[in-house]
Amino acid sequence: MSLVNIYGEFSCAKFLCPAYKYCMCGIVGYSGSQNAKAIVMDGLRTLEYRGYDSAGVALGGDRLKVFKTAGRVNALDAMLPAGGACHTAIGHTRWATHGKPNAVNAHPHLSYDKKIAVVHNGVLENCAELKSELAGKGISCVSETDSELLAHLLALEGGDMLEAVRRVGGKAKGSATFLAIREGDPAVYVFRKGASMLVAKGEYGSFAASDGLALARYVGTATVLQDDEYARITHDVCAIFKDGARIFKSSTPLRVSPPKECACHMRAEIDEIPAALERTYLKVSEALDDELADRVRRAKRVMLAGCGTAFHACRYGKLLLEQMAGICAEAVAASEADEGAPVDGDTLALFVTQSGETADTLLAMKRCAEGGAYTVAVTNVESSGAALAADKTLFLDAGAEVAVAATKSYCCQLLAVNMLARRVAGDILREEELKKLTNGAKECIARCELFEKRMLTDKLFLVGRGQDLVTAKEGALKLKEITYRQAEAYAAGELKHGPIALIDSESTVIALATREDCLPRMRATVSELRSRGAYVVGLSGAGDLGADKTVFLPSLEDVTLRPILCVLPLQELALCSSLCLGLDPDKPRNLAKSVTVI
Ligand code: F6R
C-alpha cells in the first residue's frame, strides 16, 4: 500500500492530537522493579485489538533479547522462555502497513549493532530518504519495514540516548511514535509524533502505552504526550521533554477499566448493552444543554459524519433530527465528507466515533473546524483525538469495547443521538422510557431467536425502510465483518428496481419492521420475495409481516427507540454465525478495532 501524506500539516490549533495518520498498532513499555516481561505481555494482550498480525517484545539487560512472531500475542507467549527476570521491556502488536505480517517484519527491530531495540507505531513518510542515508553509511535493513530505520538511526546518533531520540524523532516525517531501549540502560525512551502515546509513573515503575487500557491495571492517571514530546521513563522518574528541555505536564485520570479476561469479548459486550445504555443516558443527560440544542436549531447546515457502524448511527440521527425536530440534516461517511460542498461557520458538524481515533473521521473533523463549523464529538473515549479536538463532546461511557465488531457502542450512539434529537425538538427522554428500553434489551439478549443454519450463506439479504434500513445496513455490516459471508441490505422499496433479480429459492431474507405505518408496504415486499422463492424471516416490532417465520421484538411504545432493540438479534445472529463457522468473532481477518489509516 502506498501511503503518502496528501493532507499536509494541521493548521488548526485545536488539533493537538493528530492521530489521524497511519498507525494501527499497539505499543507498550515498562521500566521498574517488577517483572517487565509479564507487564509488557499483559499490556500487549490488552492492546491486541489494535492489530493482531504479529507481535514481539524486547527485554532489556546487559544484552537485549528480542522475541517476535507472526500471529497473535498467544503465539508470542508460547515462545518466551520461562523466568528471565528483567526490569525493562517494550512490546508491540501489529497491523501491517509496510511489509508482510511475518516474524522478520514484526517489531521490535534491532539496530545494526544489536544494542538498541525499537517498537514503532506509524508510517515514516521520508522512509526512502532515510533508507538511502543509511545505505550511504553501509547500513542495510533486514526487514521490509520503515520502523527498522529508527533503530539504525538511533544507533548512528550514538552519545546521549535521550538526545538521540529527540534528533531521530525530529528527523522522521509522517507519524513516528516509538519506544526504544538500549543494552545496559534501565530506561525506556519514548517519542510521540502522530500516533497516541501516554506515559505514567506508578508505585513500582513507569509505563508507556498507546492507549490507556494497557495502563489502567497499574496506574490511575497518565500523561498524554503531544507531538514532538519525548520522555525517559525509569523506576524512579517519568521525565518528559520538549526541544531539549524538561517539561512538567499534568496527568489525567484514566477513566477506563481494562476488559476482563473472557472467552468472547463480543458476547460480553452484547450482554453489557443494557448497563451501557444506562451509563450513556446519565452522561449524555449531563452534557446535553440548551446551548447545544440552540446551535443545532440555528445552524444553516447540520452534518453528521462517521465511519462504518458509526456512520449508521449518523444515518439514524439524521432521520430523527428531521422527523422529531424538523431539522434538515445530512449523514455522510466521514471518508467521503470532502466530496460535498465545503462547510462554513453556519455549519454544525457532529462526528460519531467509538474510538475517537478513526483517521477518516478526524480528518473530516479537521476540515470542518478549518471551515469554521462548530464541531461536536459523540465518542466513547474521553481522552481521544476527537474529544480533544471538538468544541463539544457527548461522552458515551459504554465501557471499553475491544471486540472489533462494534455492538454496545452502536446502541449507545443511537441512544445519544436520539436524546440529542429530542432535546432539539424541545423534549427529553424520561427515565421510565429508558427503563422500558433497557428491559426490552435484556429480553432480546436473553431470547436469541433469529439464528438458523440456513443463514450461513452468501445469499442473505436484509430489507427495511427508513430507520429499519439503517438497522438492516448495520446488521449486514456485522455479518460481513465476522462471518466473511455476503450479506446485503436494501431499501425494501428499491428491491423491485433491480436487486430482486438476485432472489431465488436459495435466498434468505430478513425483513425488518419497527414502525406500524410501514407494515402494509413491508408486507407487500415480503410477499414479492416469497413468490420468488425466498425464505423470509420477519424481525418485527410492529406486527405480523406474513413471512415464513417472524421474530417479534419486546414491545416498546416509543417507535424511535425500537432500532436499539432491533439491532440486537442481528448482532446475535452475526455472533452465532461466526462461532458456528469456527471463526474468531473478536478478531476478524484484515480488520483492527481503530482504523487510524486513511
Ligand atoms: C464495525 C466497526 C467499524 C467502526 C468504524 C468506525 O463493527 O466497528 O465499522 O464502526 O471503523 O470506528 P469508530 O467508531 O471508532 O470511529
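Being a predicted model, the structure only gives us computed values, none of them experimental.

S.K.: I keep staring at the site of the ligand and nothing clicks. Help me out?
M.R.: Near the ligand, the surroundings consist of 14 residues, among which Thr-353, Gln-354, Ser-355, Thr-358 and Glu-481 are the closest. In this structure, Val-404 approaches the ligand through a main-chain N or O atom, which is 3.2 Å from an oxygen atom. When isolated, the ligand has an accessible area of 410 Å², and the protein chains bury 91% of it. Listing elements by their share of the shell around the ligand, those giving two or more residues are α9 (308-325) and α14 (467-483). Here the residues of the shell around the ligand are counted per class, giving six nonpolar, six polar and two charged. Looking at which domains feed residues into the shell around the ligand, each of domain 2 (262-429) and domain 3 (448-585) supplies at least three.

S.K.: Explain the packing of helix α4 (residues 147-157) against helix α5 (residues 161-171) here, please?
M.R.: Two packed helices can be described by the angle between their axes and the distance between those axes. Relative orientation of the contacting elements α4 and α5 amounts to 130°, with a least axis distance of 9 Å. Considering the angle they form, α4 stands oblique to α5. For the pair α4 and α5, the crossing hand works out as right-handed. From α4, Leu-150, Leu-153, Leu-154 and Glu-157 reach across to α5, where they touch Met-161, Ala-164, Val-165, Arg-167, Val-168 and Lys-171.

S.K.: Whenever I open this one, the packing of helix α3 (residues 127-136) against α4 confuses me. Can you help?
M.R.: Here α3 crosses α4 at 45°, and the two axes come no closer than 11 Å. In terms of their interaxial angle, α3 and α4 are classed as oblique. When the axes of α3 and α4 are compared, the crossing they make is left-handed. Two secondary-structure elements touch here, α3 through Cys-127, Leu-130, Lys-131, Glu-133 and Leu-134 and α4 through Leu-149, His-152, Leu-153 and Leu-156.

S.K.: Before we go on, may I ask you to explain α4 in this structure?
M.R.: For an α-helix, the turn length of 3.6 residues means that residues three or four places apart are oriented alike. The buried count for α4 comes to nine of 11 residues, which makes it a mostly enclosed element. All of the buried residues along α4 are Ser-147, Glu-148, Leu-149, Leu-150, Ala-151, His-152, Leu-153, Leu-154 and Ala-155. Structurally, α4 contributes buried residues whose contacts are with β5 (109-110), β6 (116-121), α3, α5 and β7 (177-182). Looking at the residues trailing α4, positive phi occurs at Gly-158, about 60°.

S.K.: I would appreciate a short explanation of the nonpolar core in the present structure.
M.R.: Nonpolar side chains tend toward joint burial in soluble globular proteins. Grouped together as the largest cluster of nonpolar side chains are 84 residues, with contacts concentrated most on Leu-415 and Ile-510. With 11 residues, the top contributor of residues to this core is helix α12 (residues 408-424). In contact with Ile-510, not counting residues within four places along its chain, are Leu-450, Met-455, Leu-460, Phe-461, Leu-462, Val-463, Val-537, Leu-539, Leu-570 and Leu-573. Judged by nonpolar contacts, the second largest core, of 28 residues, contains Ile-139, Leu-150, Phe-178 and Tyr-230.

S.K.: Honestly, unusual backbone geometry in this entry has me stumped. Any pointers?
M.R.: Each neighbour pair has its own omega, and for His-107 with Pro-108 the value is 0°, a cis peptide bond. Position of Pro-108 relative to the elements: it lies in the loop between β4 (88-94) and β5. Positive phi values are uncommon outside glycine, yet Asp-228 reaches one of about 70°. On the secondary structure map, Asp-228 appears in the loop between β11 (221-224) and β12 (229-233). Its relative accessible area of 32% is what places Asp-228 among the partly exposed residues. Positive phi is not limited to glycine here, since Cys-448 has a value of about 45°.

S.K.: Can you help me understand the sheet that holds β12 in this one?
M.R.: Sheets are built from strands paired through backbone hydrogen bonds, the pairs being either parallel or antiparallel. Pairing is antiparallel in the open sheet, where seven strands are placed in the order β5-β6-β7-β8-β12-β13-β14. Two strands lie at the open edges of the sheet, namely β5 and β14 (245-247), each paired on one side alone. For β5 and β6, the ladder comprises two bridges, and the chain directions are antiparallel. Counterpart to Leu-110 in the pairing with β6 is Ala-117. Against the sheet, α4 makes contact with β5, β6 and β7, and its axis sits at roughly 140° relative to β6, the strand it touches most. Against the sheet, α5 contacts β6, β7, β8 (188-191), β12 and β13 (238-242), and its axis sits at roughly 25° relative to β8.

Cut-off values and rules
Residues numbered from 1 in each chain as written. Predicted model: local features only at pLDDT ≥ 70, side-chain atom pairs only at ≥ 80, totals over all residues. Heavy atoms only, no water. Near = heavy atom within 4 Å. Polar contact = N/O pair within 3.5 Å; in protein donor to acceptor, adjacent residues only side chain to side chain. Areas by Shrake-Rupley, 256 points an atom, 1.4 Å probe, with all protein chains shown as cover. Helix = DSSP H or I, 4+ residues; strand = E, 2+ residues; numbered from the N terminus. Nonpolar A, V, L, I, M, F, W, Y, C, P; charged D, E, K, R; others polar. Domains from an automatic or database assignment. Axes fitted to C-alpha atoms, helices over the stretch in contact; angles between N-to-C directions. Parallel < 35°, antiparallel > 145°, perpendicular 65-115°, else oblique. Left-handed = near helix turned anticlockwise from the far one by under 90°. Contact = heavy atoms within 4.5 Å. Buried < 20%, exposed > 50% of the residue type's maximum accessible area, 1.4 Å probe, protein only. Core = buried A, V, L, I, M, F, W, Y, C linked by side-chain atoms within 4.5 Å. Pairing = 2+ DSSP bridges.

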